[in-house]
Amino acid sequence: MTETQMQRLSNESGHRHFFLKTGLPIILAAVAVAIAFCTLIIWSSHETDQVAIERQERLVALVVSQLRASLAHDQESVTVWDDAVKAVKSGTADQEWIDTNLGTWMHTYFGHDGAYILDPFDRPVYAFLGGEVAKPSAYDKIASSAEPLVKALRAKLRASDTTGINDKILTPGESDLSVIAGHPAVISVKPIVSDTGKIRQTPGSEYLHVAVRFLDGSFTQELQKDYLFKGLRFSWHNDNSSDEASYALKSVSGKTIGYFIWEPYRPGSSVLDSIMPTLIALLAAILTTIAALVAILHKRSIKLQMSEARLHHLALHDPLTGLPNRTLFNARLDQALERLKRSKGKLAILYLDLDRFKQVNDTLGHPAGDELIREFAERLKKLAGDTNTISRIGGDEFTIIVPDLKRVKDIHHFCQRIIDTVRHPFDLYGSQVFVGVSIGVAFAPADGLERTELTRKADVALYHAKSTGRSRYAVFGKDMDTLLQARRNIEQDLRAALQAGDQIQVYYQPIYSATSRKITGVEALLRWQHPTKGWISPDVFISIAEEAGLIETLGEKVLREACAAAKAWPLGTIAVNVSAIELRNPSYAKRVAKLLSSLGMDPHRLELEMTESALTDSLGQCEENVKALRELGVRIALDDFGTGFSSLSRLQRLDVDRIKIDRSFIKGFGSTNGDEAIVQAIVELARATALKTTAEGVETDEQGKCLEQIGCDNLQGFFLSRPLPAGEIDALLGAGPSSRLAEDATAP
């Protein structure tokens with residue numbers, strides 16, 4: 001730790017002590033009073049605003065209601081008239097009179113947007129729309145909205161229903177809110193009757209006058225102008241912002257037609273805005289005064305604490321990360337174990353080791369390695385909290401003491417969170433690097449109450465985690481020796497399976513275009529159906545095959561079967577995994593060329609998937625094989641990108657055609673880990689370097705759509721199709737390239 005860091009630590013310690021004893025009560029009291037006062041003012045302004053908004057909403061409702069009544073009243077000025085009865089009965093003879101009095105005049109004088117006349121059989125005989133006379137058939141556009149009102153009015157007329165008729169309302173009528181010609185509108189229907197009573201009409205057989213007034217356009221402008229509704233507008237959806245109010249326009253049946261939206265006047269907020277600067281200035285003055293007082297009172301005590309903290313920290317902490325060193329770790333573990341003996345509780349000890357840390361040092365240099373250690377330590381601090389002790393005991397080895405453990409499953413969750421956070425790239429001097437972490441776990445008192453015994457078992461568990469695939473955690477158990485024996489048994493069974501020839505099978509998982517969702521290729525995958533143990537995962541037997549020297553035999557088997565099967569398939573690509581061990585064989589490229597030639601397989605259709613470690617081996621043999629394969633026409637894909645040591649900036653220097661984004665990033669979509677942003681960065685860099693991308697582990701439609709939007713080229717996963725035997729691939733391609741399969745495939 002530097003002197004500046006120690007000074008900052010000492011200052012923080014001194015301030016913390018003062019605030020807890022004296023400063024904190026004063027600050028809390030002042031803040032409480034300020035909050036209470038501000039809360040009261042804010043609440044009062046909010047209540048005042050709500051009252052004002054509710055009044056404006058009632059005003060809008062009243063105006064719309066009055067519009068319905070005034071529309072009907074406007075109609076009665078021409079529909080209760082002997083001349084109107086005579087004119088509509090005479091038909092075309094008085095068409096000009098009808099237009100002048102029942103159509104154009106209603107538009108020019110009252111502002112109606114439409115007028116229609118129906119004969120006793122509800123057939124349109126006149127139409128006025130858009131400021132001009134229209135054909136009677138124009139009524140068809142509003143018929144669906146008008147017919148319920150027409151029927152209701154006919155029923156009233158036949159029954160001589162005089163409900164609602166008084167000195168101001170002369171005839172029965174019907175009106176409602178509806179959508180007319182794409183506009184929200186009030187529609188009103190009135191009978192055309194005699195004002196003198198001298199013209200006899202059979203009740204229910206009267207001519208009807210239909211009037212329409214749109215609620216958007218001029219009406220909205222009038223409403224805004226007359227009642228000072230700021231920014232008043234009509235919207236079909238309630239899309240008002242937080243600063244706007246809305247009123248729903250509903251028909252008689254309760255159906256929402258649309259919304260009037262405006263910026264309401266908020267008297268409370270106006271007052272609050274005017275006094276807020278004064279309140280802020282007052283609060284700032286109080287806090288500044290308290291802060292100055294704290295600084296004066298504790299300036300001397302902080303200086304004294306700095307010296308002690310500096311010496312103590314240097315003796316017990318790692319200078320690179322500031323974490324406790326091995327000495328402090330041992331002391332705290334001893335203390336925790338002593339407390340454990342008295343409390344009869346539990347604790348956990350975690351041993352952590354960064355995967356492929358040496359590759360970072362060798363590739364990017366030791367300063368980058370130191371920066372990686374510092375960033376990793378910061379991530380651990382954020383996850384572990386204050387109650388757990390994190391230590392760096394050397395190199396890339398870390399330990400964590402978790403005391404007062406309540407539930408064992410909490411440790412499992414904690415380990416997984418550490419693994420997940422390390423999956424996110426580290427920014428090292430402009431290079432984004434991916435590494436992993438392996439964790440070993442031991443529990444006290446279950447695994448012992450003595451420090452040496454407990455740490456040894458945690459170290460054994462760490463070795464087990466690294467030997468089973470890295471980037472995972474393992475809990476110490478007595479069955480670890482049994483597991484080692486089981487691995488030896490699997491090795492023997494694998495040798496027997498290769499001799500038997502019928503247990504190891506090649507399955508094919510389709511690869512789909514992200515945009516068209518059509519099959520563009522397949523990936524060949526090994527499946528082992530043990531005669532007694534059932535399906536054994538490739539995650540189990542592939543690593544054993546590599547250790548036992550069987551991987552080249554397996555690799556040749558899958559390559560030969562996959563290429564032979566792919567010859568008959570109308571696909572552009574057959575992808576086959578190749579291990580680093582195979583690529584280190586100087587004759588590997590020649591063997592692939594010979595196999596393709598014997599099968600008559602076009603090398604350009606073959607895509608070999610390999611890890612980044614295979615492409616950057618120290619001896620250079622893998623690189624020579626890759627170069628020869630590419631000259632042959634074989635394409636190269638970088639598999640499981642991001643799970644081990646991976647640098648985005650180094651993609652430009654790797655001689656590959658495609659990168660496959662690991663399923664762990666896709667699984668994290670929708671979480672707070674930011675995996676979408678990581679995938680976006682990978683895809684954008686791949687595009688910049690002319691590389692194709694394939695996302696593995698697509699399990700939902702949402703993931704597929706998100707990847708398509710990001711720009712990923714191809715998708716692969718159980719949502720689209722599980723791995724299938726060759727026969728089912730034949731059937732799938734025969735059924736069409738965009739087919740989907742059920743997810744209950746027989747193979748795992």
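Conventions we followed
Residues numbered from 1 in each chain as written. Predicted model: local features only at pLDDT ≥ 70, side-chain atom pairs only at ≥ 80, totals over all residues. Heavy atoms only, no water. Helix = DSSP H or I, 4+ residues; strand = E, 2+ residues; numbered from the N terminus. Contact = heavy atoms within 4.5 Å. Areas by Shrake-Rupley, 256 points an atom, 1.4 Å probe, with all protein chains shown as cover. Pairing = 2+ DSSP bridges. Axes fitted to C-alpha atoms, helices over the stretch in contact; angles between N-to-C directions. Polar contact = N/O pair within 3.5 Å; in protein donor to acceptor, adjacent residues only side chain to side chain. Core = buried A, V, L, I, M, F, W, Y, C linked by side-chain atoms within 4.5 Å. Buried < 20%, exposed > 50% of the residue type's maximum accessible area, 1.4 Å probe, protein only. Arc of directions from axis to C-beta. pLDDT = per-residue confidence, 0-100. Salt bridge = Lys/Arg side-chain N within 4 Å of Asp/Glu carboxyl O. Phe/Tyr/Trp six-rings, centres within 6.5 Å; stacked < 30°, edge-to-face > 60°.

Caption draft 1: Region of the structure containing the overall build of the protein chain. In terms of helices and strands, the protein chain carries 22 helices and 27 strands. For the protein chain, contacts bridging at least 24 residues in sequence account for 66% of all contacts bridging at least 6. When the accessible area of the protein chain is evaluated, it comes to approximately 37,100 Å², of which 54% is carbon and sulfur surface.

Caption draft 2: Expanded view of the sheet that holds strand 6 (residues 207-214). In spatial order, the strands read 3-2-1-6-5-4; together these six strands make up an open sheet with antiparallel pairing. Looking at the sheet topology across the chains shown, the edges are occupied by strand 3 (132-134) and strand 4 (174-180). Between one strand and the next, the sheet's axes are offset by a mean angle of 20 degrees, whatever the strand orientation. Two strands pair when backbone bridges link them, and strand 2 (residues 124-129) and strand 3 are joined in this way by three bridges, in the antiparallel orientation. From the neighbouring strand, L129 faces strand 3, where its bridge partner is E132.

Caption draft 3: Region of interest: the side chain of N714. Relative to the helices and strands, N714 is located in strand 26 (residues 714-715). In terms of polar contacts, N714 uses its side chain to reach the side chain of T520, at 3.1 Å. Those residues within four positions of N714 in sequence are excluded, and the remaining contacts are I511, Y512, S513, A514, T520, R658, T693, T694 and A695.

Caption draft 4: Here's a closer look at the nonpolar core. Of all hydrophobic cores here, the largest spans 74 residues; its most connected members are Y508, L606 and L608. No other element matches the eight residues that helix 14 (residues 551-566) contributes to this core. Those residues within four positions of L606 in sequence are excluded, and the remaining contacts are L559, C563, I574, V576, V592, L596, V634 and R635. By size, the runner-up hydrophobic cluster in this structure holds 34 residues, among which are L352, L405, I411 and I419.

Caption draft 5: How the structure looks around unusual backbone geometry. Along the chain, A444 connects to P445 via a cis peptide bond; the corresponding omega equals 10 degrees. Of note, P445 is situated in the loop between strand 15 (436-444) and helix 11 (451-467). Its identity as a non-glycine residue notwithstanding, R517 has a phi of 60 degrees, on the positive side. Positionally, R517 belongs in the loop between strand 17 (504-513) and strand 18 (519-530). We classify R517 as buried; its relative accessible area is 13%.

Caption draft 6: Focus on helix 21 (residues 701-710). Those residues of helix 21 not exposed but buried are Q703, G704, L707 and I710. Take helix 21 and look down its axis: the buried residues cluster within an arc of 125 degrees, on one side only. Those residues of helix 21 that are exposed and angled more than 90 degrees off the buried face are E702 and Q709. Two residues or fewer after helix 21 comes G711, characterised by a positive phi angle close to 115 degrees.

Caption draft 7: Local environment of the confidence of the model for the protein chain. For the protein chain, the average pLDDT comes to 84, and 90% of its residues sit at 70 or higher. Segment residues 735-748: pLDDT under 50, and 29 contacts once partners within four positions in sequence are set aside and those in other chains are kept.

Caption draft 8: Expanded view of the sheet that holds strand 9 (residues 256-263). Taken together, the three strands give an open sheet; going across it, the order is 7-9-8, and neighbouring strands pair in antiparallel fashion. Looking along the sheet, the strands with just one partner apiece sit at the ends: strand 7 (230-235) and strand 8 (245-250). Averaged over neighbouring strand pairs, the angle between their axes works out to 20 degrees when direction is ignored. As judged from the four bridges shared by strand 7 and strand 9, these two strands associate in the antiparallel manner. Looking at the pairing, S235 lines up with Y259 of strand 9. On the sheet, helix 5 (residues 218-227) packs against strand 7 and strand 9 and is oriented at approximately 150 degrees with respect to strand 7.

Caption draft 9: Representation of the side chain of Q56. Looking at the element boundaries, Q56 is found in helix 1 (residues 3-79). When its relative accessible area of 14% is taken as the criterion, Q56 is described as buried. Side chain to side chain, Q56 and W262 meet in a polar contact 3.0 Å long. Apart from residues lying up to four places away in sequence, Q56 is in contact with F229, W262, P264 and Y265.

Caption draft 10: Representation of the pattern of salt bridges in the model. Evaluated as defined, the whole model comprises 31 salt bridges. Its salt-bridge partner being D113, residue R213 comes within 3.8 Å of it at the nearest N-O pair. A residue pair is termed long-range when its members are at least 10 positions apart, and R213 in strand 6 and D113 in the loop between helix 3 (95-110) and strand 1 (114-118) qualify at 100 residues. Put simply, D355 and K466 hold a salt bridge, and the shortest N to O gap is 3.0 Å.

Caption draft 11: Representation of the pairing of strand 5 (residues 183-192) in the model. Burial within strand 5 is extensive, with nine of its 10 residues counted as buried. In this structure, strand 4 lies alongside strand 5, joined through seven bridges in antiparallel fashion. By the bridge assignment for strand 5, L177 is matched with V186. Where strand 4 hands over to strand 5, the hairpin turn is made up of two residues, of which A181 adopts a positive phi near 50 degrees. As judged from the eight bridges shared by strand 5 and strand 6, these two strands associate in the antiparallel manner. The residue bridging I187 from the neighbouring strand is V212, located in strand 6.

Caption draft 12: Looking closely at the environment of A72. With respect to the helices and strands, the residue A72 is situated in helix 1. Each C-alpha atom, one on A72 and one on L170, is 10.0 Å from the other, the two residues being 98 residues apart in sequence. Beyond its immediate stretch of four places on either side in the chain, A72 contacts S188 and K190.

Caption draft 13: Broad picture of the environment of V422. One can find V422 in helix 10 (residues 408-423). Measuring from C-alpha to C-alpha, the distance between V422 and L354 comes to 9.1 Å, with 68 residues separating the pair along the chain.

Caption draft 14: Here's a closer look at the packing of aromatic side chains. Taken as a whole and judged by the stated rule, the model has 14 aromatic pairs. When the centroid spacing of 5.0 Å and the interplanar angle of 10 degrees are considered together, the rings of W105 and Y109 count as stacked. With W105 and Y109 both in helix 3, this residue pair falls four residues apart, about one helical turn. Relative accessible area serves as the criterion here: at 56%, Y109 is assigned to the exposed category. Relative to Y139, the ring of Y116 has its centre 5.9 Å away and its plane inclined at 65 degrees; by these criteria the two rings are edge-to-face. Placement of the pair is Y116 in strand 1 and Y139 in the loop between strand 3 and helix 4 (140-158), with a sequence separation of 23 residues. Here the two residues Y116 and Y139 agree in accessibility, since each one is buried.

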